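A structural walkthrough
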Protein chains: 2
Amino acid sequence: MKKFDSSQLPIGTSSETEKQTSLKWFRDLRDNIVKTFEKIENEARSDSILPGAKFERKNWVRDGGGGGEISIMRGQIFEKVGVNISTVYGELSEEFRSNIPGTEKNSSFWASGISVVAHMQSPLIPAVHMNTRHIVTTKRWFGGGADITPSIENDEQVRDFHKALREACDRYNPEYYENFKSWCDKYFYLPHRQEHRGAGGIFYDYLNTSDFSQDLNFTKDVGETFLKIYPEIVKKNMRKKWTKDQKNIQLEKRGRYVEFNLLYDRGTQFGLKTGGNIDAILMSMPPEVRWN
Amino acid sequence: MKKFDSSQLPIGTSSETEKQTSLKWFRDLRDNIVKTFEKIENEARSDSILPGAKFERKNWVRDGGGGGEISIMRGQIFEKVGVNISTVYGELSEEFRSNIPGTEKNSSFWASGISVVAHMQSPLIPAVHMNTRHIVTTKRWFGGGADITPSIENDEQVRDFHKALREACDRYNPEYYENFKSWCDKYFYLPHRQEHRGAGGIFYDYLNTSDFSQDLNFTKDVGETFLKIYPEIVKKNMRKKWTKDQKNIQLEKRGRYVEFNLLYDRGTQFGLKTGGNIDAILMSMPPEVRWN
C-alpha cells in the first residue's frame, strides 16, 4: 500500500449510476454532519434562550465543469467548521496529467467528494479533518481519511479515535488499518520541523479492489465512523474549562496546521495553482493563529 | 531587467576583501536597525518608568558552513519584528544548481545578507519587509528590496515610502526605480487571490554592473533609506488610536502575508526544503493572524 504503483490500478471507469450513488452519499453525509454539529451547538446553549449557531451555505461553479457547496459555521463550541462537497469534471491540463492515474491517453476526469475541517474553541478538543472522494478517469478509485490534531495531549481521545477507525477498517480488510495509519503518519508530517501535524488517523488513496460496492461501502464507513466518534469526543470535553496558556498552545499548534496546508498539502497546492475556488480550498484555515 | 538572462551576468567572483566589506555592512546595518527600533519603543513609553522592549538574540550554525544571528523584539509598537543576518557558504546541491547562476560547473557558493520583517501593533502602521544580499558563485551579484504592507489604506505612507526609494534608486541609475518597482509588484503577488501582497516598493536581483563598489553602495543605500523612511512612518502614526474593526482587517491582511510566504516566497521555500534554520526562515510569520 505504501509502495503504491498507479500503473497497477485496475481499469474500470465508473458507470453513471455509480457516480450518482457516490455523489448522493457525499451530499447525505454532509447533511448529517451539518445536523449533528448544529445539534451540539444547541446543546451547548441549553441554558440560554438564544438559538445555537447555524451553518451558512455558499455555492460555487467551476469554469470547465461542475462546482460545489461550502457550509461554514462559527459557534460557541466549533470556533470554525467547514463542510465542503463538490463534484467537478472536465479535462485535466497537461501539467497535472502526469500526477493522475489513467489520464495518460485521455484527459477526461470526474471527481466528487466531501471535506470537513473543524477548529474548536476549546484547546481541550482536538481539531479534526475528514475527507473522502471518488475519482474517475480511465481508471477509478476512492481516497480519503480522517485525522485529529490535539493541542493538549489526551491519550483517551487519541485511543478512542483510532479504535473507531480500526474497527471500520477491520470490517473490510485486516491490513487496512495498519497500512492506512502509516500512510497518514507519513502524509501529515512537517519535515522542516520534524513534527507530525497531529495524532494521526487513517489516509488512503487509489483504493480499487475491483469491487465497487465494497470500496464505496468502506468509504461510507469512514464517513459514518467520523460522524459517530468525533461528536462523542466533543461532547465528552465541551464543558471542561481551559486556561489561557492552553489556548495559546492551541493557537500555536494551528500555525503548524497552516504551515502544513500551505507548504505540503497536495489538495491545497493543486487547488490554488489551478484556479480552484479559493473559499473552498482555504476553508481549512484556522480562524485565529499565533506564531512565536 | 524584467527579462533577465542570467547567462549574461558578468563573471567576477568577489575577493575576500569584498566579501568582508559586505558582511560587515550587513552587521552594522543590523546594529543600527536594532538601536533605532529600540529607541522607538523607549519613546513610546516615555510616560512610564518601565523600560522599553529590547531585541533578543539567537545564533545558529549551518551544517555545511556559516550561520547567522536572529534578533527578535516584541514591543508596544512593534508587535513582532525580526532582524536576521547570515553568512553561509559551501557546496550547492545538484537540485538547486539549476536555479543559481554561475554554478553550472562549480557548485561552490557564498552568500551574506540581512532580512527584516516588522508586524506592528497598530493597524495604522504598515508591515514592512527589507532584505539585501550579496551572492558569490563563479558569478557575483547583489539582490534585495523593501516593501510595505498597509492594512488600512494610507496614500501618504505609500507616497513617502516610494518617494524615498525612488530617490535612492535615482542616485545610481534613472531606470532602477521603474524596473525594480515593477519587479516588486510582480513578485509580491498572490495569483490565487489576484491580489498584491501590499503596496509594493522595490525588488531587484542579479545586480552586477561590473562595478562592485557602485553595486554595494546601491545596496547600502537601500538599507539606509529603509532605516530612515520606515521609522518616520512609524513615528508619524504610532500615537493614533485604532478601532477593533481596523485591528481585524490587519489580522486578516496578515493571513495573505502568510499565504504568500508559505506558498510562493522563493526564500522561504528554498530554506524550508533544504533544511535551513527554521527560526530564521519563519521569523517573518506574523504573531497573530485571522482567516475568515
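This section reports on the structure supplied with the text. (Residues numbered from 1 in each chain as written. Chains lettered and ligands numbered in written order. Predicted model: local features only at pLDDT ≥ 70, side-chain atom pairs only at ≥ 80, totals over all residues. Heavy atoms only, no water.)

**Concerning the overall build of chain A**
- Check the secondary structure of chain A and you find eight helices and 10 strands.
- By the compact-globule yardstick of 19 Å for 292 residues, chain A fits well, its C-alpha radius of gyration being 19 Å.
- Sorting the 292 residues of chain A into buried and exposed places 58% on the buried side.
- A separation of at least 24 residues holds for 67% of the contacts in chain A among residues at least 6 apart in sequence.
- Carbon and sulfur atoms make up 48% of the accessible area of chain A, which amounts to about 13,300 Å² in all.
- Averaged over its 43 positive side-chain charges, chain A has a centre that lies 2 Å from the centre of its 40 negative ones. (Helix = DSSP H or I, 4+ residues; strand = E, 2+ residues; numbered from the N terminus. Rg over C-alpha atoms; globule rule 2.2 N^0.38 Å. Buried < 20%, exposed > 50% of the residue type's maximum accessible area, 1.4 Å probe, protein only. Contact = heavy atoms within 4.5 Å. Areas by Shrake-Rupley, 256 points an atom, 1.4 Å probe, with all protein chains shown as cover. Lys, Arg positive; Asp, Glu negative; His and termini not counted. Charge placed at Lys NZ, Arg CZ, Asp CG, Glu CD.)

**Thoughts on the interface of chain A and chain B**
- With 22 residues of chain A at the contact, the number on the chain B side is 22 residues.
- Roughly 2,100 Å² is buried in total at the junction of chain A and chain B, and carbon and sulfur atoms are behind 61% of that figure.
- Its largest share of buried area at the contact with chain B, chain A owes to L262, L263 and W291 of chain A, together 27% of the area lost on that side.
- In this structure, the connection of chain A to chain B is made through two salt bridges.
- Along the contact surface separating chain A from chain B lie five residue pairs in polar contact (both at pLDDT 80 or more).
- If you list the elements that add at least two residues to the side of chain A that touches chain B, you get α6 (244-263), α7 (266-273) and β10 (288-290) of chain A.
- The biggest single contributor to the side of chain A that touches chain B is α6 of chain A, with four residues.
- Of the residues assigned to the side of chain A that touches chain B, the class counts are 12 nonpolar, three polar and seven charged.
- As paired elements, β10 of chain A and strand β10 (residues 288-290) of chain B share three bridges and run antiparallel to each other. (Buried area = accessible area lost by both parts, 1.4 Å probe. Salt bridge = Lys/Arg side-chain N within 4 Å of Asp/Glu carboxyl O. Polar contact = N/O pair within 3.5 Å; in protein donor to acceptor, adjacent residues only side chain to side chain. Nonpolar A, V, L, I, M, F, W, Y, C, P; charged D, E, K, R; others polar. Pairing = 2+ DSSP bridges.)

**Regarding the relation of the copies chain A and chain B**
- Expressed as a screw operation, the relation of chain A to chain B combines 0.1 Å of axial shift with a rotation of 180°, fitting to an RMSD of 0.0 Å. Such a turn and shift between the copies fits a two-fold axis. No C-alpha of chain A lies nearer the rotation axis than that of V289 of chain A, which sits 2.5 Å from it.
- Mapped onto chain B, 100% of the interface residues of chain A are again interface residues, and the two copies thus contact each other with one and the same surface. (Least-squares fit on C-alpha atoms with pLDDT ≥ 70 in both.)

**Digging into the pattern of salt bridges**
Residues and elements named next belong to chain A.
- Enumeration according to the criterion identifies 46 salt bridges over all chains in this entry.
- The closest approach of N and O atoms between R193 and E259, which form a salt bridge, is 2.8 Å. One end of the pair, R193, is in the loop between β7 (189-190) and β8 (195-196); the other, E259, is in helix α6, and 66 residues separate them in sequence. Both residues of the pair, R193 and E259, belong to the buried class.
- Sharing partners across several salt bridges, the network here consists of R30, D31, R57 and E69.

**A look at the nonpolar core**
- Grouped together as the largest cluster of nonpolar side chains are 159 residues, with contacts concentrated most on F37 of chain A together with F37 of chain B.
- Dropping the residues within four chain positions of it, F37 of chain B is found in contact with F55, M73, F78, V81, V116, F226, Y230 and P231 of chain B. (Core = buried A, V, L, I, M, F, W, Y, C linked by side-chain atoms within 4.5 Å.)

**What about the sheet that holds strand β3 (residues 78-91) of chain A?**
All names here are of chain A.
- Strand order across the open sheet formed by seven strands is β1-β2-β3-β4-β5-β6-β9, with antiparallel pairing between neighbours. Taken across any chain shown, the strands that pair with only one partner, and hence form the sheet edges, are β1 (56-61) and β9 (201-207). Along the sheet, successive strands turn relative to each other by an average axial angle of 10°, direction set aside.
- Across nine bridges, the pairing between strand β4 (residues 108-120) and strand β5 (residues 127-136) is antiparallel. (Axes fitted to C-alpha atoms, helices over the stretch in contact; angles between N-to-C directions.)

**Section: the side chain of K80 of chain B**
- With respect to the helices and strands, K80 of chain B occurs in strand β3 (residues 78-91).
- The buried charged residue K80 of chain B lacks any salt bridge, with D279 of chain B as its nearest oppositely charged partner at 8.8 Å.
- A distance of 2.8 Å separates the side chain of K80 of chain B from the backbone oxygen of M285 of chain B, its partner in a polar contact.
- Look past the residues within four positions of K80 of chain B in its chain and what remains in contact with it is W291 and N292 of chain A together with I72, M73, R74, V117, A118, H119, L282, M283, M285 and P287 of chain B.

**What about the packing of aromatic side chains?**
- Summed over all chains, the structure comprises 38 aromatic pairs over all chains.
- An angle of 75° between the planes, with centres 5.6 Å apart, marks the rings of Y187 of chain A and F260 of chain A as edge-to-face. In this pair, Y187 of chain A sits in helix α4 (residues 176-187) while F260 of chain A sits in helix α6, placing the two residues 73 residues apart along the sequence.
- With relative accessibility at 14%, the residue Y187 of chain A sits in the buried group.
- Their ring planes at 25° and their centres at 4.4 Å tell us that F37 of chain B and F78 of chain B sit as a pair that is stacked. Of this pair, F37 of chain B sits in helix α1 (residues 16-44) while F78 of chain B sits in strand β3, placing them 41 residues apart in sequence. (Phe/Tyr/Trp six-rings, centres within 6.5 Å; stacked < 30°, edge-to-face > 60°.)

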